[in-house]
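Architecture and fold: a report
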Amino acid sequence: MEWEPHARRLADGHLRPESPWWGPIASTPRHLFVPNWWERDTHGRAARNGPDDPEAWLKAAYRNQTLVTRIGTDHADHVEPGTVVPYGRWPTSSSTLPTLIATMYRHAMLGDRSRTLVTTGTGYGTALACRRLGDDFVMSVDIDPYLVEAAADRLASIGLHPRTAVCDITQTLPGDVDRIVSTVSVRPVPPSWLTALRPGGRLVTTITGTAMILVADKTPDGGARGFIASDQATFMRTRHGNDYDDASPAAEVWQAADEVGGTSVSRYPLTYVPDSWAVHATLELEAPGIEHRTEQHESGGRTVWMAHPDGSWARASTQKFRDLPTVHQGGPRRLWDLLTDVLDRLIIGGELPVNGARVTITPDGETTLSRGRWAVTL
């Protein structure tokens, strides 16, 4: 199957030839790492098999998109093509879109001899690192034994043999390295990463629930200092077993979110938090674990809901697009008031402090973000 022109077009479409990642993306057969995947369908995600439809396989593999390969405990490699998993279950592994992998590696500032630990997934990101650095400088880890085994086989099929290991990335890591690049999100930074990093080493990851890319360099005291990058990235959070413990921690609160509760009128237009990266990131840092839902009305109005596992909830509705919303809240905290505080700071300051925040990590992993008078410890 002639895949090379597709890989080159992918590289040409998103990178300049001078980029150190143009060559790896243009020369790596991504389709071999994703022979099966889950694709959005009318009623859920449907399992697709590449060899059954080579044209669709190449089209999917060489588009700059993330391909979900595992939902819950169901890997697309292990189900019948056409199997549909209803929406509501969380993806647990994927092949990250190629340019985002390149962005993470770019932030890591990989040198020619940087010993680098990466997360495995399908193995495609590992392959790009191997193309750039050479096998001997890459270690690839994942909590799922099948993912590690399958990735190692697919890497070997194109002549790549990095070191691989099955491990929980939040626990002890195998060996010491110059770079850690994690395409799963964490909160806070695991102290084991600081132990594994050599002096002056760099880690790049995302903070769970925020889409914030954290870049930090190891300091002489065993901690690390760095910054929040201007790019955003959303990765699956770490899991410590075969699946996440609970797909929706606030599930029992949603029924209460349709009650009357305390009533007020918001002083700001209706805000659906996930629509704004800075608002979402700030709220998630200060009040982690809030879930959000929205519904559009035929009249042009809208309702948004917020719910937290502690029993707090809020519901805000409008009848028309520009109306100020009527807000109902209940539970131990007033979630809409927390959101209003964030919006106050945005309006008064013109931006939120998550933009350009500095990062300080102590040797035991305590991670603090700060800018000016604002600070949050994860």
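Conventions adopted
- In every chain, residue numbers begin from 1 and rise along the written sequence.
- With pLDDT at 70 or above as the cut-off, local features in this predicted model cover only qualifying residues; side-chain atom pairs require 80 or more to be listed or tallied, and sums for whole chains, interfaces and linings still use all residues.
- Side-chain numbers here rest on the full set of heavy atoms in the structure, without hydrogens or water.
- Counting from the N terminus, the helices are the DSSP runs of H or I reaching at least four residues and the strands are the DSSP runs of E reaching at least two.
- Atoms considered for the radius of gyration are the C-alpha atoms alone. The globule rule reads 2.2 Å times the number of residues to the power 0.38.
- Burial here depends on accessible area, computed with a 1.4 Å probe over protein chains only, as a share of the maximum for the residue type. Under 20% is buried, over 50% is exposed, and the range in between is partly exposed.
- Positive charges come from Lys and Arg alone, negative charges from Asp and Glu alone, with His and the N- and C-terminal ends not counted.
- Where a charge sits is defined by one atom per residue type, namely NZ (Lys), CZ (Arg), CG (Asp) or CD (Glu).
- Whenever Lys or Arg places a side-chain nitrogen within 4 Å of a carboxyl oxygen from Asp or Glu, that contact is recorded as a salt bridge.
- Pairs of strands are assigned from DSSP output, requiring at least two bridges between the strands.
- Throughout, an axis means a line fitted to C-alpha atoms (over the contacting stretch in the case of helices), and angles, computed between N-to-C directions, take values from 0 to 180 degrees.
- Any two residues whose heavy atoms approach within 4.5 Å at even a single point are treated as in contact.
- An angle below 35 degrees is treated as roughly parallel, one above 145 as roughly antiparallel, one from 65 to 115 as roughly perpendicular, and anything else as oblique.
- Left-handed describes a crossing in which the near helix is turned anticlockwise from the far one by less than a right angle; the clockwise case is right-handed.
- Lys, Arg, Asp and Glu make up the charged group, whereas Ala, Val, Leu, Ile, Met, Phe, Trp, Tyr, Cys and Pro make up the nonpolar group; the residues left over, Gly among them, are polar.
- By convention, a stacked pair of Phe, Tyr or Trp rings (six-membered ring in the case of Trp) has centres within 6.5 Å and planes under 30 degrees apart, an edge-to-face pair has planes over 60 apart, and any other such pair is tilted.
- The definition of a nonpolar core used throughout is a set of buried Ala, Val, Leu, Ile, Met, Phe, Trp, Tyr and Cys residues joined through side-chain atoms within 4.5 Å.
- Seen with its strands pointing away from the viewer, a crossover is right-handed when the path leading from the first strand over the helix to the second is clockwise.

We now examine the overall build of the chain. From N to C terminus, the chain includes ten helices and 21 strands. For 378 residues, the compact-globule formula gives about 21 Å, and the C-alpha radius of gyration of the chain, at 22 Å, lands near that figure. The C-alpha extent of the chain, read off along each of the three principal axes, is 65 × 55 × 40 Å. Taking all 378 residues of the chain together, the buried fraction comes to 54%. A gap of 6 Å separates the mean positions of the 38 positive and 45 negative side-chain charges of the chain.

Under the counting rule described, the total for this entry stands at 17 salt bridges. The partner of Arg202 in a salt bridge is Asp217, and the shortest N-O contact between them spans 2.5 Å. Separated by 15 residues along the polypeptide, Arg202 in strand S11 (residues 197-207) and Asp217 in strand S12 (residues 212-218) bring together distant segments of the chain. A network of salt bridges, in which partner residues are shared, links Glu39, Asp41 and Arg48.

Take helix H5 (residues 98-108) next. For an α-helix the count is 3.6 residues per turn, leaving residues at separations of three or four pointing the same way. Among the eleven residues that make up H5, ten are buried, leaving the element largely enclosed by the rest of the structure. Restricting attention to buried positions, one finds in H5 the residues Pro98, Thr99, Leu100, Ile101, Ala102, Thr103, Met104, Tyr105, His107 and Ala108. Positive phi shows up at Met109, right after H5, with a value of about 55°.

Time to look at the sheet that holds strand S20 (residues 367-371). Each strand in a sheet pairs with another by means of backbone hydrogen bonds, the pair being arranged parallel or else antiparallel. Sheet architecture is open: ten strands sit in the order S9-S8-S7-S10-S11-S12-S13-S19-S20-S21, paired in mixed fashion. The sheet is open, and its two borders are formed by strand S9 (163-166) and strand S21 (374-377), each paired with just one other strand. On average, adjacent strands in this sheet sit at an angle of 20° to one another, irrespective of strand direction. Relative to S20, strand S19 (residues 358-361) runs antiparallel, the two being bridged by four bridges. Each residue of the ladder has a partner; that of Ile361, found in S20, is Thr367. In the packing of helix H6 (residues 124-133) onto the sheet, contacts are made with strand S7 (116-119) and strand S8 (138-142), and the angle to S8 comes to roughly 170°.

This paragraph deals with the packing of H5 against H6. For any two helices packed against each other, the geometry is given by the interaxial angle and the distance between the axes. Their axes nearest at 10 Å, the elements H5 and H6 cross at an angle of 50°. With respect to H6, the axis of H5 lies oblique. Handedness of the crossing formed by H5 with H6: right-handed. Residues Pro98, Ile101 and Tyr105 of H5 form the contact with H6, whose participating residues are Tyr124, Gly125, Thr126, Leu128 and Ala129. Its residues assigned to classes, the contact of H5 with H6 shows six nonpolar, two polar and no charged.

Bringing the packing of helix H9 (residues 277-286) against helix H10 (residues 335-349) into the picture now. At a closest axis distance of 10 Å, the pairing of H9 and H10 adopts a crossing angle of 130°. When the axis of H9 is compared with that of H10, the two are oblique. By crossing handedness, the relation of H9 to H10 is classed as right-handed. Counting all contacts with H9, which are made through Val279, Thr282, Leu283 and Glu286, the residues of H10 involved are Leu338, Leu339, Val342, Leu343, Arg345 and Leu346. Partitioned by chemical class, the residues of the contact of H9 with H10 number seven nonpolar, one polar and two charged.

Following the criterion strictly, the structure yields two aromatic pairs and no others. Ring geometry for Trp21 versus Tyr105: centroids 4.9 Å apart, planes at 35°, classification tilted. You can see Trp21 sitting in the loop between helix H1 (4-14) and helix H2 (22-27) and its partner Tyr105 sitting in helix H5, a full 84 residues away along the chain. There is no split in this pair, since Trp21 and Tyr105 are both buried. Ring centres 6.3 Å apart and planes at 65° place the aromatic pair Phe33 and Tyr124 in the edge-to-face group.

As a further point, take unusual backbone geometry. For the bond running from Arg187 to Pro188, omega is -5°, close enough to zero to count as cis. Along the polypeptide, Pro188 turns up in the loop between strand S10 (177-186) and helix H8 (191-196). Notably, Met109 is not glycine yet its phi reads approximately 55°, a positive angle. Residue position: Met109 is located in the loop between H5 and S7.

Strand order in this open sheet of five strands is S14-S18-S17-S16-S15, and the pairing throughout is antiparallel. Both edges of this open sheet fall to strand S14 (262-265) and strand S15 (291-296), since each of them pairs with a single strand only. Across this sheet, the average inter-strand angle for adjacent strands is 15°, counted without regard to direction. Across the sheet, H10 is in contact with strand S16 (302-307), strand S17 (313-318) and strand S18 (326-330); its angle to S16 comes to roughly 105°.

Before going further, it helps to spend a moment on the nonpolar core. Leu203, Met212, Leu214, Trp336, Val354 and Leu369 are the most contacted members of the largest nonpolar core, which totals 53 residues. In contact with Leu369, other than residues within four places in its own chain, are Ile207, Met212, Ile228, Leu285, Ala357, Arg358, Val359, Trp374, Ala375, Val376 and Leu378. Judged by nonpolar contacts, the second largest core, of 43 residues, contains Phe33, Leu128, Ala229 and Phe235.

This part covers the pairing of S9. Sheet analysis places S8 next to S9, joined by four bridges and oriented parallel. Residue pairing across strands places Met139 opposite Arg163, the latter belonging to S9. In terms of handedness, the path from S8 via helix H7 (residues 145-157) over to S9 forms a crossover that is right-handed.

Shape descriptors only; they carry no functional weight alone.
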